[in-house]
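# Residue-level structure breakdown
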Amino acid sequence: QNTKANLRSFMDHFSCKSTNKMARRTHVVAGLGLRPCCFFCVMEEEDPCVRKAWLELALRDLHMTRDDTELALTLSFIWRYAMADPENPELPSLGIFECMTKLLMKGLEDVDWVRTGQNVYVPYYAAHIIGSYTMKKPEFAVKAVESGVIAPLLQLMRGTMSWVEKRVVVRALGHLASYERTFDAVADYEEEVVRLAMEIATTCVHVVYEEFVSVQGRERVRYHSELLTRGLGGLEMEDQKAEEWASQLQCWSLHLLNCFAYKQRSISLICNKTFLKKLSQMWGGLVNHTSPAGIGLIRILCYGKQGRGQVAESRELILSLCNLSRSSDDWQYMGIDCLMLLLKDQEARYKVLETSLFYLLDLVEIKALNDRPNLGDRITRVILMHYNTKKGCIYTHKTQTALKELWKTKVERRRREMSDNQEKVAETSVVVNLIKQQANQFLRVGDIEGAIKCYNEAIGLCPLKLRRKRMVLYSDRGECYLLLGEVDAAISDCTRALCLSEPVNSHGKSLWTRSRAYDIKGLSRESLMDCIMFVHVRSSRGKIPYYAAQMISRQMEATWLFEEARASRLRRMMIKEKNHLTGLSTIDRRTREEEGRNDDPKEET
């Protein structure tokens, strides 16, 4: 409703009627009498037959508009109109895609025209309108393809203009590639589209930083600034929007690659080792948290045999999946899905089990995550595949020991405890409480090793069905490990505690302990996610703790989308400065040597 109200205000402000130019800006149309030249007045026509005829004529002649300001305003309005109701068939049925194609081609072919006044906005809005009308209706996508939109969009994707236009182009192409009826039209340019999408996803963050964020305010491209903030806000607002748009450009490029990977197309091209390594670091961040970004494409690759083989070869990628599976990130379940898909593949299993096993062992007590019930049991079955068979003998001694311990805990112990009555469980619970009190006594006197021994004994005795009590024991032991500096053990225990919490990842103390542990390891993203979840859990009790706010602030700086680009630029500047100083010292030394030779009497003789 707010969007429609804004559209009405937009029309009222820019229509001919509001400026008393109606009489001067009309011309005769056969059979219709006077037609207003102003597009906004056409949109206000109440007679449906007249409105339809006028709109069709307006769209047909729009590319011939001489007033660059009027053209830019008209396209801006059409885009808002499309976003407000993308399923409205009115404009698509009257030639909106043909109109946008003509405008795109004109902008690409006539460089002088597109550089004149407000015409620089035309390619951006034309591509954005195409993307807006094709994001929900496959029928509109078919009309767009039949109108020839792909060729000019691809030309813009090649870098004819700037990253701002690329953002809306990959969005539009992603929508066209996501429909069965229009995928083949995009696939006609498959290799080029895939290569360009990979290049954009890999370089766009650095490009946006170098071409916009790192540039001084007045030196920035003006129309970029105006598109980002709509004329509102200063440099800080521009930087925030630039971060959001850079993330969207990367995520929409990955979505375009998803469309091909889903159909098992260009897998060998996408699974480039360098690209896969960088893919694991691509995430939507807080500015684009609804997009799975890199992990979404990785999961699609893991659904195919060829993709699994390539993913399993990348150690950096596997470690990234392992860290994600033990985080409180919204896409944790995707990381777990990827690891399970790899472990089910006989060829990939033996490449990733040694690395992923000790991460997945911490997750075997999850009850449900998202829409995945009994996830812990499913993880256990996948890990114990081929256990007690000859195939299991190829594992290292450490791995075999871990598998044996899992078998004892999840299979044999569970069977044994199924026959325990309530009285025995209550007696065991009392013993566990006494041991826990003893551990607390050790902590009071500073004997952390003694407390850990007590927690080990209590965890070994505590029945599996007492999930909340086991959660507290793991959390307390994790805190002890962190005090001793054993960061990996602390993360492991806190993860087990969070898997036992109801719902998953909702135990505040474990979240805060694991956040600090991840911070020590330098895993800023995982630390940030845990700290945000900790604040969410604690928010119901009152104010946000100051120490948590400090942690979030520090990790947000470390995970800033442009942090790597900023550091890279700083390194280049330092090297350049060093080379400059080295050059000056060399010149100075040579000058002194020459002066010395001139002062030498023998030389003068």
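Residues numbered from 1 in each chain as written. Predicted model: local features only at pLDDT ≥ 70, side-chain atom pairs only at ≥ 80, totals over all residues. Heavy atoms only, no water.

### Topic: the overall build of the chain
- Within the chain, the regular secondary structure consists of 33 helices and 4 strands.
- Expressed as a percentage of its 605 residues, the buried residues of the chain come to 51%.
- In the chain, of all internal contacts separated by at least 6 residues, the share reaching a separation of at least 24 is 69%.
- In the form shown here, the chain has an accessible surface area of approximately 30,200 Å², with 51% of it arising from carbon and sulfur atoms. (Helix = DSSP H or I, 4+ residues; strand = E, 2+ residues; numbered from the N terminus. Buried < 20%, exposed > 50% of the residue type's maximum accessible area, 1.4 Å probe, protein only. Contact = heavy atoms within 4.5 Å. Areas by Shrake-Rupley, 256 points an atom, 1.4 Å probe, with all protein chains shown as cover.)

### Notes on helix α14 (residues 222–229)
- Of all 8 residues making up α14, 6 are buried, and the element is well covered by its neighbours.
- Listing the buried residues of α14 in full gives Y223, H224, S225, L227, L228 and T229.
- The elements touched by buried residues of α14 are α8 (122–133), α11 (163–177), α13 (190–213) and α15 (235–262).

### Some points on α15
- Between its first and last C-alpha atoms α15 spans 40 Å; for 28 residues at 1.5 Å apiece the expected length is 40 Å, and the two agree.
- Looking one or two residues beyond α15, the residue adopting positive phi is Q264, at roughly 60°. (Expected span 1.5 Å × (residues − 1).)

### Remarks on the environment of K143
- In this fold, K143 is placed in helix α9 (residues 138–146).
- Through-space distance from the C-alpha of K143 to that of F97 is 7.2 Å; in sequence the pair is 46 residues apart.

### Thoughts on the nonpolar core
- Ranked by size, the top nonpolar core spans 148 residues in total, and within it M100, L153, M157 and F275 carry the most contacts.
- Considering each element in turn, this core owes the most residues, 13 residues, to α13.
- When residues of this core are assigned to domains, at least three fall in each of domain 1 (305–414) and domain 2 (424–463 + 465–563).
- If sequence neighbours within four positions are ignored, M100 has contacts with L62, L75, A126, I129 and I130.
- I435, Y455, A497 and Y518 belong to the second-largest nonpolar core, a separate cluster that totals 24 residues. (Core = buried A, V, L, I, M, F, W, Y, C linked by side-chain atoms within 4.5 Å. Domains from an automatic or database assignment.)

### Looking at the packing of α11 against α13
- Packing of α11 against α13 leaves a shortest axis separation of 11 Å and a crossing angle of 145°. Seen along the crossing, α11 lies across α13 with a hand that is left-handed. Listed contacts from α13 to W163, K166 and V170 of α11 are I200, V207, V208, E211 and F212.
- Tallied by class, residues from the contact of α11 with α13 come to 6 nonpolar, no polar and 2 charged. (Axes fitted to C-alpha atoms, helices over the stretch in contact; angles between N-to-C directions. Left-handed = near helix turned anticlockwise from the far one by under 90°. Nonpolar A, V, L, I, M, F, W, Y, C, P; charged D, E, K, R; others polar.)

### Considerations on unusual backbone geometry
- Following E502, the chain continues into P503 via a peptide bond in cis, with omega recorded as -5°.
- Topologically, P503 is positioned in the loop between α28 (487–500) and α29 (508–521).
- Located in the positive-phi region is Q264, a residue other than glycine, with phi close to 60°.
- Look at Q264 and you get partly exposed, because its relative accessible area is 39%.
- Not every positive phi belongs to a glycine, and N505 is a case in point at roughly 65°.
- For N505, a relative accessible area of 8% corresponds to the buried category.

### Focus on a nonpolar patch on the surface
- Nonpolar side chains collect at one region of the surface, where L286, I532 and M556 lie side by side and expose about 230 Å² of accessible area between them.
- Counting through the fold element by element, M556 comes out in helix α31 (residues 546–558).
- You can call M556 partly exposed: its relative accessible area is 41%. (Patch = residues over 30% accessible without salt bridge, like charges linked within 9 Å, V, L, I, M, F, W, Y side chains within 5 Å. Salt bridge = Lys/Arg side-chain N within 4 Å of Asp/Glu carboxyl O.)

### Observations regarding the side chain of D476
- Following the sequence through the fold, D476 ends up in helix α27 (residues 467–483).
- Setting aside residues up to four positions removed in sequence, D476 forms contacts with K436, Y455 and K509.

### A word on the environment of L91
- When you line up the elements, L91 lands in helix α5 (residues 90–93).
- Judged by its relative accessible area of 1%, L91 falls in the buried class.
- In this view, L91 contacts L55, L59, I78, Y81, I96 and Y133; residues no more than four positions away in its chain are not counted.

### Focus on the confidence of the model for the chain
- Looking at the chain as a whole, its pLDDT mean stands at 89, while 89% of the residues score no less than 70.
- For residues 17–35, every residue scores under 50 in pLDDT, and the model assigns this stretch 34 contacts once sequence neighbours within four places are set aside.
- Segment residues 601–605 is flagged for pLDDT under 50; beyond a separation of four residues in sequence, or across chains, it makes 3 contacts in the model. (pLDDT = per-residue confidence, 0-100.)

### As for the pattern of salt bridges
- Under the defined criterion, the tally for this structure stands at 34 salt bridges.
- In this structure, R572 and E210 form a salt bridge, with 2.5 Å as the shortest nitrogen-oxygen distance. Separated by 362 residues along the polypeptide, R572 in helix α32 (residues 563–599) and E210 in helix α13 bring together distant segments of the chain.
- Note that D377 is salt-bridged to K410, the shortest N-O span being 3.3 Å. With D377 in helix α23 (residues 375–383) and K410 in helix α24 (residues 397–417), this pair connects stretches of sequence that are 33 residues apart.
- Salt bridges sharing common partners tie together R299, D337, D371 and R372.

### Points about the packing of aromatic side chains
- The tally for this structure, following the rule as stated, stands at 18 aromatic pairs.
- Seen in terms of ring centroids, Y124 and W245 are 6.0 Å apart; in terms of plane orientation they differ by 10°. Their pairing is stacked. Residue Y124 is found in helix α8, and its partner W245 is found in helix α15; the two are separated by 121 residues along the sequence. Like W245, Y124 is buried.
- Look at W163 and F212: their rings are 6.2 Å apart centre to centre, the planes differ by 70°, and that puts the pair in the edge-to-face class. Here W163 is found in helix α11, whereas its partner F212 is found in helix α13, with 49 residues between them in sequence.
- Given the relative accessible area of 3%, W163 is considered buried.
- Here F212 falls in the buried class, since its relative accessible area comes to 0%. (Phe/Tyr/Trp six-rings, centres within 6.5 Å; stacked < 30°, edge-to-face > 60°.)

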